[in-house]
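# Fold and contact review
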Amino acid sequence: AGGGGGGAVQIVSNTSITLSANGVLSANGGGAVGPIGPLFCLIDSPCGNGEGGGSGGAILLEAPSVVLDTLSGIYANGGGATCSTSGSAANGTNTTTPAPGQTCTGQTGSGGAGAAGATNALAGSNKVGLDAVGGGGGGGHGRIRINLPVGVTFSPAGTISGASTVGALGTR
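## Topic: the sheet that holds strand S4 (residues 58-62)
Pairing is parallel in the open sheet, where four strands are placed in the order S1-S4-S7-S9. For this open sheet the edge positions go to strand S1 (8-12) and strand S9 (163-168), each flanked by a neighbour on one side alone. When the angles between neighbouring strand axes are averaged without regard to direction, this sheet yields 10°. In terms of strand pairing, strand S7 (residues 143-148) meets S9 through six bridges, oriented parallel. By the bridge assignment for S9, Arg143 is matched with Ala163.

## A look at the state of the cysteines
Within the structure shown, the criterion is met by one disulfide. The disulfide that involves Cys83 links it to Cys104, with 2.0 Å between the sulfurs. Taking the sign of the S-S torsion, about 75° here, the bridge from Cys83 to Cys104 comes out right-handed. Of this pair, Cys83 sits in the loop between strand S6 (73-75) and S7 while Cys104 sits in the loop between S6 and S7, placing them 21 residues apart in sequence. For the residue pair Cys83 and Cys104, the accessibility class agrees, reading buried in each case.

## Comments concerning the nonpolar core
Ranked by internal contacts, the top residues of the largest apolar core, which has 15 residues, are Ile59, Leu61, Val66, Ile74 and Ile146. Secondary structure elements with two or more residues in this core: strand S2 (17-19), S4, strand S5 (66-68) and S7. Residue contributions to this core peak at three residues, all from S7. Residues within four places of Ile59 in sequence aside, it is in contact with Val9, Leu25, Ser26, Ala27, Ile74, Tyr75, Arg143, Ile144 and Arg145.

## Here we look at unusual backbone geometry
One non-glycine residue, Asn22, lies in the positive phi region at around 70°. With respect to the helices and strands, the residue Asn22 is situated in the loop between S2 and strand S3 (24-26). The exposure class assigned to Asn22 is exposed, which follows from its relative accessible area of 59%. The phi torsion at Leu71 lies on the positive side, around 70°, for a residue other than glycine. Inspection of the secondary structure assignment puts Leu71 in the loop between S5 and S6.

## Topic: the environment of Val67
Summarising the element assignment, Val67 is placed in strand S5. Separated by 50 residues in sequence, Val67 and Ile17 have C-alpha atoms that sit 6.3 Å apart. Setting aside anything within four residues of it in sequence, one finds Val67 in contact with Ile17, Thr18 and Leu19.

## Some details on the side chain of Asn28
Along the chain, Asn28 turns up in the loop between S3 and S4. Side-chain polar atoms of Asn28 contact the backbone nitrogen of Asn77, separated by 2.8 Å. From its side chain, Asn28 meets the backbone oxygen of Thr93 in a polar contact 3.2 Å long. If near-sequence neighbours (up to four positions away) are discounted, Asn28 is found in contact with Gly6, Gly56, Tyr75, Ala76, Asn77, Gly92, Thr93 and Asn94.

Rules and cut-offs
Residues numbered from 1 in each chain as written. Predicted model: local features only at pLDDT ≥ 70, side-chain atom pairs only at ≥ 80, totals over all residues. Heavy atoms only, no water. Pairing = 2+ DSSP bridges. Helix = DSSP H or I, 4+ residues; strand = E, 2+ residues; numbered from the N terminus. Axes fitted to C-alpha atoms, helices over the stretch in contact; angles between N-to-C directions. Disulfide = S-S within 2.5 Å. Buried < 20%, exposed > 50% of the residue type's maximum accessible area, 1.4 Å probe, protein only. Core = buried A, V, L, I, M, F, W, Y, C linked by side-chain atoms within 4.5 Å. Contact = heavy atoms within 4.5 Å. Polar contact = N/O pair within 3.5 Å; in protein donor to acceptor, adjacent residues only side chain to side chain.

In structure tokens:
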């Protein structure tokens, strides 16, 4: 099965939001998973199509002040993809390092890595031949949005990995 999407989280405060040292807020995509039971393939037939990694989710933080301490992080990274009839790929990481796709050899293309940091998701690789099977593509970046009052800047000491933007805090 393809990796699950990262989901969504919204945190709103009338005062402030602080992510302390070593704190993590994550909406990473899941790694793709191969079949649990045995998979029977016909001889001389392509078998074991790759599955895609899950894309990162969405994180929305709204407050008059948002602080990320050193060694803390907000992550919405993609999961890795599979390439074969068994095994699984890595979930999105709580770092700026992409989740690796599953590595395959022979007539099976490898799975692509998920998006993280400044690295976009990678497509699975293809192979040539009558029995060639391609690997799945890695999951894309999720979205991180920080809404602050007009004139307030956001200067995180921690890490943000995902497509991030800062916007104006509004009232509803």
